[in-house]
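Close look at the chain arrangement
Below, each chain spelled out in residue letters.
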Amino acid sequence: MAREIQQNRAAYGCFLILPLKYDSGSLNRSRLTHLGGPIRMTTMDLNENVKAMLEPPGKAAVGAGYAVDIEALLAPLTAQGAPGPGNAFMVDDGQESFPFEVENSFLYVFHTRVAFLCLSLSFARMEALSAICNPGWAHNGASFSRLGPVGERQAVSMERWLSDFLTPFGLRKFFDGDSSFLLDAYAYIFTVVPKWFDELEPLRNIAFNLHKMVSPDSPVQDDAEEDIRYVYAAKNRQANAYRWGCCITSQTISYVVADEAMDFAAERATQAADGLPVVLLSLYEKYTCLRFTELITQMKKSQIKELKELMLNFQAFGTVTPANLSRWHNVKQIYAALLEVNDIPTAVRDVSAKLSILTSHQEALSRARSEAIMNLITLFGIVSILASVLSIVQILSSGNTLFWASTILTTVMLALLTAVAILRR
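Presented here is a report on the structure given in the accompanying data block. (Residues numbered from 1 in each chain as written. Predicted model: local features only at pLDDT ≥ 70, side-chain atom pairs only at ≥ 80, totals over all residues. Heavy atoms only, no water.)

Below, the discussion takes up the pairing of strand E4 (residues 97–110). Across 6 bridges, strand E2 (residues 63–68) lies against E4 in antiparallel orientation. Bridge pairing in E4 places Ala64 opposite Val109. Where strand E3 (residues 88–92) folds back onto E4 in an antiparallel hairpin, the turn is made up of 4 residues, including Gly94, whose phi is positive at roughly 100°. Relative to strand E5 (residues 114–123), E4 runs antiparallel, the two being bridged by 7 bridges. Across the sheet, residue Glu101 finds its bridge partner in E5, namely Ser122. Taken together, E4 and the strand that follows it, E5, pair antiparallel across an intervening segment of 3 residues, in which Arg113 is found at a positive phi of about 70°. (Pairing = 2+ DSSP bridges. Helix = DSSP H or I, 4+ residues; strand = E, 2+ residues; numbered from the N terminus.)

Written out as structure tokens, the structure reads:
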């Protein structure tokens, strides 16, 4: 099967999901709407209540997706002086250059101050993606260039391009410092092959190779990787074969899909509509937990209430369990695997613990403030009682019978009322 893929020149694609963040009040929502409005969830792989989470302005919405056309995406490169038009690029890893193309992409923004830019890429060789991401390393020495109308190459800075595109929206890369946008990216890889699979093993091998970002026929095996899960389509009765399968890890998800027509554009649209929201929901939960940890360490006293409300809403309405995600078991399996390999349930529990600590601290501050106010009121009450006693003594010292009678009658009435109140209680 791997040789057949190469003979038929299977197309490779990837949604390179870049984690982003923004600060309260810095998000330029009007500029987001100019991208074309929120994406409607048309997939049938998700239940209606889950789709509502990605469709504003509903009350259940936790975020929204926006389509980014290629012209808007590449506009910052024109300002850098890179030749155009065209969406063709080259990446050089120091030994070889690989061509790739940038397509219409997506930007998802969530209420928990996290966002994701899903760069849509396509390439003829998997080594191109490996050069772009440089998996397994803490740096990326690859150089990029854009191809002009007659094939000329103009060097471009990927970091500057992405920063120039995202900054007007109020977005920036998730991890501060000098790290690259690309090193923290999650790779959603997919390929189209002409024939269905009679057995699971060839399907599994190709999906694993895509995860390793190497050619499908490469003899790759790595028993050291323990964060790998496989999910397959149910076996078709008529064809007696499997149409698709995927390999899920903490940094990649790779799909192999059979299509006799080899319609790569249609498969890209299907993956964007059906598969991408599932992956983004899991990444949203993961990075929301990381974002809360960052916000807690930086928060001021005036931000406690706002942050507490944000965290409570996330815990109550912002998470999805696999059982409630879809009517399809394999879709639930994919989502459950994403949660498991990224250890997201543990991260959510950690957020719960931090929320409890934050709440306890706030309650302690409130009690201390209330006790201080009560002590102050008590002090003023004692002073007021002493002043009243002195006034009464001065009045009674005059010996007026009316004052004495009024004082005695008032005292008796107060004593009776107190006794009645005690008895009724």
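Turning next to the state of the cysteines. In this structure the tally under the stated criterion is 0 disulfides. No disulfide involves Cys246; its sulfur sits 7.7 Å from that of Cys247, the nearest cysteine. (Disulfide = S-S within 2.5 Å.)

One can find Asn236 in the loop between strand E10 (229–232) and strand E11 (244–248). On the basis of relative accessible area, Asn236 is assigned to the partly exposed category, the value being 28%. Sequence separation between Asn236 and Trp196 is 40 residues; the distance between their C-alpha atoms is 9.7 Å. In this structure the side chain of Asn236 is engaged in a polar contact, spanning 3.0 Å, whose partner is the backbone nitrogen of Gln238. (Buried < 20%, exposed > 50% of the residue type's maximum accessible area, 1.4 Å probe, protein only. Polar contact = N/O pair within 3.5 Å; in protein donor to acceptor, adjacent residues only side chain to side chain.)

Quick look at the pattern of salt bridges now. Tallying each qualifying case throughout the model produces 11 salt bridges. For Glu48, the salt bridge identified is with Lys51, shortest N-O distance 2.9 Å. You can see Glu48 and its partner Lys51 sitting in helix H3 (residues 48–51), 3 residues apart, about one turn around the helix. The class of Glu48 is exposed, set by a relative accessible area of 54%. A single salt-bridge network, built from bridges that share partners, covers Lys21, Asp23, Arg172, Asp176, Arg291 and Glu294. (Salt bridge = Lys/Arg side-chain N within 4 Å of Asp/Glu carboxyl O.)

A few words on helix H5 (residues 126–133). Across the 8 residues that make up H5, a large majority, 6, are buried. Along H5, the residues that are buried comprise Met126, Ala128, Leu129, Ala131, Ile132 and Cys133. Looking at the residues trailing H5, positive phi occurs at Asn134, about 50°.

Angle between the axes and distance between the axes: these two values describe a pair of packed helices. For the pair helix H8 (residues 264–298) and helix H10 (residues 329–341), interaxial distance at closest approach is 10 Å and the crossing angle is 25°. As summarised for this structure, H8 and H10 are arranged roughly parallel, according to the angle between their axes. Handedness of the H8/H10 crossing: right-handed. In this structure, H8 contributes Val278, Val279, Leu281, Ser282 and Glu285 to the contact, and H10 contributes Val331, Tyr335, Leu338 and Leu339. When the residues that make up the contact of H8 with H10 are grouped by side-chain class, the tally is 7 nonpolar, 1 polar and 1 charged. (Axes fitted to C-alpha atoms, helices over the stretch in contact; angles between N-to-C directions. Parallel < 35°, antiparallel > 145°, perpendicular 65-115°, else oblique. Left-handed = near helix turned anticlockwise from the far one by under 90°. Contact = heavy atoms within 4.5 Å. Nonpolar A, V, L, I, M, F, W, Y, C, P; charged D, E, K, R; others polar.)

Quick look at H10 now. Taking 1.5 Å as the rise per residue, H10 with 13 residues should run 18 Å; its terminal C-alpha atoms sit 18 Å apart, in good agreement. Every buried residue belonging to H10 is among Asn330, Val331, Ile334, Tyr335, Ala337, Leu338, Leu339 and Val341, and all of these are buried. Asp343 lies just past H10 and shows a positive phi near 55°. (Expected span 1.5 Å × (residues − 1).)

Our next topic: the packing of aromatic side chains. Under the criterion given, the structure shown has 20 aromatic pairs. Look at Phe174 and Phe175: their rings are 5.0 Å apart centre to centre, the planes differ by 75°, and that puts the pair in the edge-to-face class. The class of Phe174 is buried, set by a relative accessible area of 5%. Residue classification places Phe175 among the partly exposed residues on the basis of a relative accessible area of 34%. (Phe/Tyr/Trp six-rings, centres within 6.5 Å; stacked < 30°, edge-to-face > 60°.)

With respect to the element layout, Thr249 can be found in the loop between E11 and strand E12 (252–258). Among residues more than four places away in sequence, those in contact with Thr249 are Tyr186, His211, Asp227, Ile228, Val341 and Asn342.

Here we come to the pairing of E5. Counting buried positions over the 10 residues of E5 gives 10, a clear majority of the element. Side chains Val114, Phe116, Cys118, Ser120 and Ser122 project from E5 onto one buried face, and the interleaved Ala115, Leu117, Leu119, Leu121 and Phe123 project onto a second face that is buried too. Across 10 bridges, strand E1 (residues 12–21) lies against E5 in antiparallel orientation. In the strand pairing of E5, Lys21 is matched with Val114.

From the geometry alone we can't say anything about function, so treat these as descriptive.
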